[in-house]
Amino acid sequence: MISKNITLNTQSPFDEIKLNQNRPNPADGNTIIEYTLPTEIAQAQLVIFDITGAEVKRYRVETGFGSVEIQEGVLAAGTYLYTLEVEGQSVARRKMVIQ
């Protein structure tokens, strides 16, 4: 009987995606959202939705470690959800509060 050890690499580039909580949260002025995307990712966007689910802002993001700074006044006071869309899929989601 012949025995062979086979190692399968089941790690996906999606396993390395990180979306951090914006800071400060709640925000009263500018806020920063940091993320990490592996270089294998072809296309990604940070999308912000209001509490009703309506899209209010979309940012194209690059691979590697990066951040999006949202300037004071871009978003009205309220609660928002933001997500990383990677190659058409929503892969991470967080909530932020703008005062």
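Residues numbered from 1 in each chain as written. Predicted model: local features only at pLDDT ≥ 70, side-chain atom pairs only at ≥ 80, totals over all residues. Heavy atoms only, no water.

J.: I'd like to hear about the overall build of the chain, residue by residue, with values.
T.: What the chain contains, in helices and strands, is 0 helices and 7 strands. Listed by position from the N terminus, the elements making up the chain come as β-β-β-β-β-β-β. Taken across its 99 residues, the chain has 32% of its residues classed as buried. Taking all contacts inside the chain whose residues are at least 6 apart in sequence as the whole, residues at least 24 apart take part in 56%. As displayed, the chain offers around 6500 Å² of accessible surface, 46% of which is attributable to carbon and sulfur atoms. (Helix = DSSP H or I, 4+ residues; strand = E, 2+ residues; numbered from the N terminus. Buried < 20%, exposed > 50% of the residue type's maximum accessible area, 1.4 Å probe, protein only. Contact = heavy atoms within 4.5 Å. Areas by Shrake-Rupley, 256 points an atom, 1.4 Å probe, with all protein chains shown as cover.)

J.: Explain the sheet that holds strand β2 (residues 31–37) to me, using residue names and the numbers behind them.
T.: A sheet is described by the order of its strands in space; here 3 strands give the open sequence β1-β2-β5, paired in antiparallel fashion. Of all the strands in the sheet, just β1 (18–19) and β5 (64–70) have a single pairing partner and so form its edges. Sheet analysis places β2 next to β5, joined by 7 bridges and oriented antiparallel. Of the residues in β5, the one forming a bridge with threonine 36 is phenylalanine 65. (Pairing = 2+ DSSP bridges.)

J.: Which residues make up unusual backbone geometry, and what values go with them?
T.: Between arginine 23 and the following residue, proline 24, the backbone shows a cis peptide bond with an omega angle of -5°. Along the chain, the position of proline 24 falls in the loop between β1 and β2. Each neighbour pair has its own omega, and for asparagine 25 with proline 26 the value is 5°, a cis peptide bond. Residue placement: proline 26 occurs in the loop between β1 and β2. Of note, the phi angle at glutamate 87 is positive, near 50°, even though the residue is not glycine.

J.: Mind laying out the pattern of salt bridges, listing which residues take part and the relevant values?
T.: Under the criterion given, the structure shown has 3 salt bridges. Note that glutamate 34 is salt-bridged to arginine 23, the shortest N-O span being 2.7 Å. Here glutamate 34 is found in strand β2, whereas its partner arginine 23 is found in the loop between β1 and β2, with 11 residues between them in sequence. With a relative accessible area of 44%, arginine 23 lands in the partly exposed category. (Salt bridge = Lys/Arg side-chain N within 4 Å of Asp/Glu carboxyl O.)

J.: Describe the environment of valine 97, with residues and values.
T.: Structurally, valine 97 is set in strand β7 (residues 89–98). Distance from valine 97 to leucine 81, taken between C-alpha atoms, is 8.8 Å for residues 16 residues apart in sequence. Setting aside residues no more than four positions away along its own chain, valine 97 makes contact with Asn25, Pro26, Ala27, Gly78 and Thr79.

Keep in mind these numbers describe shape, not what the thing actually does.
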